[in-house]
There are 2 protein chains.
Amino acid sequence: MVEQCVLPLIRRERNIVPVRSRHLKAAGEAESKVDARVEPIYKNYPNVETTILSSPGIVSLHFTWRGDPFSKEAETVLDELVNHIEAELGHSVFTHSEESLAAVLGNRLRARSLTLATAESCTGGWIGKLLTDVSGSSEFFRGGVVSYSDEAKRDLLGVRASDLEQYGAVSEVVAGQMAAGVRSRFQADVGLSVTGIAGPEGGRPEKPVGTVYLGLSLARGDQTRSLFLPGGREAVRLRTCHLALDWVRREIT
Amino acid sequence: MVEQCVLPLIRRERNIVPVRSRHLKAAGEAESKVDARVEPIYKNYPNVETTILSSPGIVSLHFTWRGDPFSKEAETVLDELVNHIEAELGHSVFTHSEESLAAVLGNRLRARSLTLATAESCTGGWIGKLLTDVSGSSEFFRGGVVSYSDEAKRDLLGVRASDLEQYGAVSEVVAGQMAAGVRSRFQADVGLSVTGIAGPEGGRPEKPVGTVYLGLSLARGDQTRSLFLPGGREAVRLRTCHLALDWVRREIT
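Described in the following lines is the structure provided in the data block. (Residues numbered from 1 in each chain as written. Chains lettered and ligands numbered in written order. Predicted model: local features only at pLDDT ≥ 70, side-chain atom pairs only at ≥ 80, totals over all residues. Heavy atoms only, no water.)

### Remarks on the packing of aromatic side chains
Any two aromatic rings considered together are summarised by their centre-to-centre distance and by the angle between their planes. Definition in use: Side-chain rings of Phe, Tyr and Trp, where Trp is taken by its six-membered ring, are said to pair if the distance between their centres is within 6.5 Å; with planes under 30 degrees apart they count as stacked, over 60 as edge-to-face, and otherwise as tilted. Helix and strand labels come from DSSP, where a helix needs a run of H or I of at least four residues and a strand needs a run of E of at least two; each type is numbered from the N terminus. Accessible area is worked out with a 1.4 Å probe on protein chains only. A residue is then buried under 20% of its type maximum, exposed over 50%, and partly exposed in between. When the NZ atom of lysine or the CZ atom of arginine is within 6 Å of a ring's centre and also within 35 degrees of its normal, the charge is said to sit over that ring.
In this structure the tally under the stated criterion is 2 aromatic pairs over all chains. Relative to Tyr148(B), the ring of Phe141(A) has its centre 5.7 Å away and its plane inclined at 50 degrees; by these criteria the two rings are tilted. Within this pair, whereas Phe141(A) is found in strand 8 (residues 141-146), its partner Tyr148(B) is found in the loop between strand 8 (141-146) and helix 6 (150-155), the two belonging to separate chains. Tyr148(B) carries the same exposure label as Phe141(A), and that label is buried. The aromatic ring of Trp126(A) is capped on one face by Lys129(B), whose charged end is 4.1 Å from the ring centroid.

Here it is as structure tokens:
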């Protein structure tokens with residue numbers, strides 16, 4: 001925590017003074033829900049300026065001390081506030097720094113000597129892009145398949161043609177087989193899959209735009225999840241990426 | 001052109017007046033080189049405000065008439081300037097609107113009833129992400145493989161183990177086999193591949209950070225290209241994505 005308190009400096013009235021601040025990021029819950037949970041807490045800290053920045057699937061909370069930065073109180077109060085927020089948000093909090101969700105997940109995978117492979121349909125490679133934004137990602141990311149067509153799901157991931165026919169490409173059954181298939185194909189410890197309808201076209205009454213299924217395959221077994229996400233094409237896709245990465249983070253912890 | 005001239009409006013001195021402007025975007029050349037080529041042209045148009053925005057691999061040029069927006073001269077001069085710029089930049093210009101390079105490529109592929117598949121190493125899925133940002137991309141994008149490991153290059157794309165051994169994963173030989181392999185695996189008309197060293201780690205004297213090989217496989221034959229790109233990890237990766245997409249755009253035109 002020392003680095004966070006001492007290093008960030010801003011100019012105030014021609015003097016350089018330290019800014020006492022804390023930072024945390026949360027994932028895995030709707031941004032509005034996170035805000036509703038933390039607002040009653042930070043409202044009790046009038047000496048702390050709270051800034052909330054959200055992108056689809058990620059909420060960043062910044063707490064800055066308004067008063068004398070040299071007072072002992074600053075550190076004590078900020079620590080207390082952050083502890084309250086963490087107690088409320090629990091495992092949703094994934095970092096106290098600026099690092100990305102993919103970087104945090106990468107570190108966890110590395111620490112456990114686990115590797116990950118991805119099978120992406122509606123996200124089209126975005127999860128792989130986020131993972132490989134992280135320098136040194138080849139240590140934990142083995143690669144993936146962008147299975148934008150039914151043929152790719154069948155031929156490259158081993159999804160059963162009869163299940164594609166019966167349940168459709170956007171289904172829990174297919175998500176599960178994609179995750180298991182990519183884990184096996186890439187000889188990875190973790191297989192993660194996504195199939196969904198990002199829109200604006202392709203929605204149907206029983207599967208509207210924003211319907212997304214995730215699959216997770218681990219040595220101990222396979223799981224699937226259904227999501228119904230708000231927003232346009234970009235928001236649905238980015239939220240899907242973050243929810244999927246966060247799911248792996250929670251499951252391997 | 002009518003829409004571009006009439007629709008954009010800004011408030012000036014409480015009146016709403018049309019802004020006479022033109023826009024074009026270019027790819028496939030270093031941004032500084034594009035600027036050096038067009039500067040002698042737009043410098044001769046003092047009544048036009050030129051704004052140049054560049055991101056790795058893409059240059060956006062905006063030309064706005066400074067004078068009376070209702071003058072006949074505005075349209076004539078802007079058209080003349082844009083024609084001069086286009087004559088200079090040639091095929092590097094890919095659009096006169098805000099649409100992305102991936103969207104322009106998608107439209108060309110669709111118009112020619114061609115499909116594309118991608119094999120990505122150092123870009124990690126980013127090319128797939130850019131292609132699937134485009135709504136309706138399943139009409140022209142069949143999917144891809146993120147072959148971050150040697151095993152994936154060999155097992156999923158059919159790259160020869162002996163060539164991986166002899167030339168290394170980052171080589172023209174491997175790029176060529178990746179493109180041909182992904183084209184065949186996805187039964188696509190066009191196979192596009194990328195393998196390179198995005199850094200900051202992994203550079204060697206003979207293959208420094210920024211060394212990237214592209215492969216393009218078409219019915220009429222296969223080609224490869226070597227790139228040596230400046231910048232950090234993100235810039236190398238994004239520039240690679242744009243150069244790769246632009247290469248396909250030029251080759252299918």
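### Here we look at the packing of helix 4 (residues 101-111) of chain B against helix 9 (residues 233-251) of chain B
Residue and element names in this part refer to chain B. To keep it simple, the criterion reads: Between N-to-C directions, angles cover 0 to 180 degrees, with each direction set by a line fitted to C-alpha atoms, over the stretch in contact for helices. In this scheme, roughly parallel covers angles under 35 degrees and roughly antiparallel covers those over 145, while 65 to 115 is roughly perpendicular and the rest are oblique. Each helix crossing is assigned a hand: it is left-handed if the near helix lies turned anticlockwise from the far helix by less than a right angle, otherwise right-handed if that turn is clockwise. We call two residues in contact whenever any of their non-hydrogen atoms come within 4.5 Å of each other. Classification convention: Asp, Glu, Lys, Arg as charged; Ala, Val, Leu, Ile, Met, Phe, Trp, Tyr, Cys, Pro as nonpolar; all other residues, Gly among them, as polar.
For the pair helix 4 and helix 9, interaxial distance at closest approach is 10 Å and the crossing angle is 25 degrees. With respect to helix 9, the element helix 4 is oriented roughly parallel. The crossing of helix 4 and helix 9 is left-handed. In this structure, helix 4 uses Leu101, Ala102, Val104, Leu105 and Arg108 to contact helix 9, whose residues at the interface are His242, Leu245, Asp246, Val248 and Arg249. Class assignment for the residues of the contact of helix 4 with helix 9 results in 6 nonpolar, 1 polar and 3 charged.

### Thoughts on the pairing of strand 5 (residues 58-65) of chain B
Residue and element names in this part refer to chain B. Operational definition: Note on pairing: two strands pair once DSSP finds at least 2 bridges between them.
Burial analysis of strand 5 places 6 of its 8 residues in the buried class, the great majority of the element. Of the strand pairs in this sheet, strand 3 (residues 21-27) and strand 5 are connected by 7 bridges, and their pairing is antiparallel. Looking at the pairing, His23 lines up with His62 of strand 5. Here 8 bridges tie strand 4 (residues 48-55) to strand 5, and the two strands are oriented antiparallel to one another. The partner of Val48 across the bridge, within strand 5, is Trp65. If you look at the hairpin formed by strand 4 and strand 5, you'll find 2 residues sitting between the two strands, and Gly57 has a positive phi there, around 95 degrees.

### Digging into the interface of chain B and chain A
Test applied: Using a 1.4 Å probe, buried area is obtained as the accessible area two parts lose upon being combined, added over both of them. A pair is scored as a salt bridge if a Lys or Arg side-chain nitrogen falls within 4 Å of a carboxyl oxygen belonging to Asp or Glu. Think of a polar contact as two N or O atoms within 3.5 Å of one another; within protein, one of them needs to be a possible hydrogen donor and the other a possible acceptor, and neighboring residues in sequence only count if both atoms come from side chains.
Chain B puts 30 residues into the contact, and the matching count from chain A is 30 residues. Around 2,400 Å² of area is buried between chain B and chain A when both sides are counted, 55% of it from carbon and sulfur atoms. Counting the contacts that link chain B with chain A gives 4 salt bridges. Ionic pairing is found between Arg237(A) and Asp133(B), a salt bridge with its closest N-O pair at 2.7 Å. Where chain B touches chain A, the interface holds 22 residue pairs in polar contact (both at pLDDT 80 or more).

### Looking at the side chain of Glu120(B)
All names here are of chain B. Here is the rule we go by: Counting rule for charge: Lys and Arg are taken as positive, Asp and Glu as negative, and neither His nor the chain ends is counted.
You can see Glu120 is positioned in strand 7 (residues 116-120). Here Glu120 occupies a buried position and makes no salt bridge, while the nearest side chain of opposite charge, Arg237, is found at 7.3 Å. From its side chain, Glu120 meets the backbone nitrogen of Gly125 in a polar contact 3.1 Å long. Looking at Glu120, its side chain comes within polar contact range of the main-chain nitrogen of Trp126, at 3.1 Å. Ignoring any residue separated from it by four or fewer positions in sequence, one finds Glu120 in contact with Gly125, Trp126, Ile127, Gly128, Val145, Val146, Ser147, Met178 and Val194.

### A closer look at the relation of the copies chain B and chain A
Keep this limit in mind: Superposing copies: least-squares fit, C-alpha atoms only, residues required to have pLDDT of at least 70 in both.
Note on the copies: chain B fits chain A at an RMSD of 0.0 Å, the axial shift is 0.0 Å, and the rotation between them is 180 degrees. Expressed as an axis order, the relation between the two copies is that of a two-fold axis. A share of 100% of interface residues in chain B that are also interface residues in chain A marks the association as one of identical surfaces.

### Details of helix 4 of chain B
All buried positions along helix 4 of chain B are accounted for by Leu101(B), Ala102(B), Ala103(B), Val104(B), Leu105(B), Gly106(B) and Leu109(B). Downstream of helix 4 of chain B by a residue or two, Ser113(B) has a phi angle that is positive, lying close to 50 degrees.

### Structural notes on the pattern of salt bridges
Evaluated as defined, the whole model comprises 36 salt bridges over all chains. Between Arg239(A) and Glu31(A) there is a salt bridge whose closest N-O contact spans 2.6 Å. Pair noted here: Arg239(A) is in helix 9 (residues 233-251) and Glu31(A) is in helix 2 (residues 31-42), with a separation of 208 residues, a long-range link. The pair formed by Arg239(A) and Glu31(A) is uniform in burial state, with each residue classed as buried. Residue Arg20(B) pairs with Glu75(B) through a salt bridge whose shortest N-O separation is 3.0 Å. Taken together, the residues span a long stretch of sequence, with Arg20(B) in the loop between strand 2 (15-18) and strand 3 and Glu75(B) in helix 3 (residues 72-89) at a distance of 55 residues. Residue Arg20(B) is classed as buried on the basis of its relative accessible area, which comes to 15%.

### Regarding the side chain of Ser92(A)
All names here are of chain A. By the secondary structure assignment, Ser92 is in the loop between helix 3 (72-89) and strand 6 (93-95). Given the relative accessible area of 4%, Ser92 is considered buried. Within polar-contact distance, the side chain of Ser92 engages the side chain of Glu29 at 3.0 Å. Beyond its immediate chain neighbours, meaning those up to four positions away, Ser92 contacts Lys25, Ala26, Ala27, Glu29, Arg249 and Arg250.

### Section: the sheet that holds strand 4 of chain B
Residue and element names in this part refer to chain B. An order of 4-5-3-6 is seen for the 4 strands of this open sheet, with the pairing classed as antiparallel. What marks the edges here is a single partner per strand, and that holds for strand 4 and strand 6 (93-95). The mean inter-strand angle of the sheet, taken between neighbouring strand axes irrespective of direction, is 30 degrees. Contacts from helix 3 reach strand 3, strand 4, strand 5 and strand 6, with the element oriented near 160 degrees to strand 5.

### Re the sheet that holds strand 7 of chain B
Strand order in this open sheet of 10 strands is 11(A)-10(A)-9(A)-7(A)-8(A)-8(B)-7(B)-9(B)-10(B)-11(B), and the pairing throughout is mixed. Looking at strand neighbours, the two that pair on one side only are strand 11 (221-228) of chain A together with strand 11 (221-228) of chain B, the edges of this open sheet. Strand-to-strand, the axes of this sheet are offset by a mean angle of 15 degrees, without reference to chain direction. Here strand 9 (residues 190-196) of chain B runs beside strand 10 (residues 211-218) of chain B; their pairing, made up of 6 bridges, is antiparallel. In the strand pairing of strand 10 of chain B, Val194(B) is matched with Leu214(B). Sitting on the sheet, helix 9 of chain A is in contact with strand 9 (190-196), strand 10 (211-218) and strand 11 of chain A, with an inclination near 25 degrees to strand 10 of chain A.

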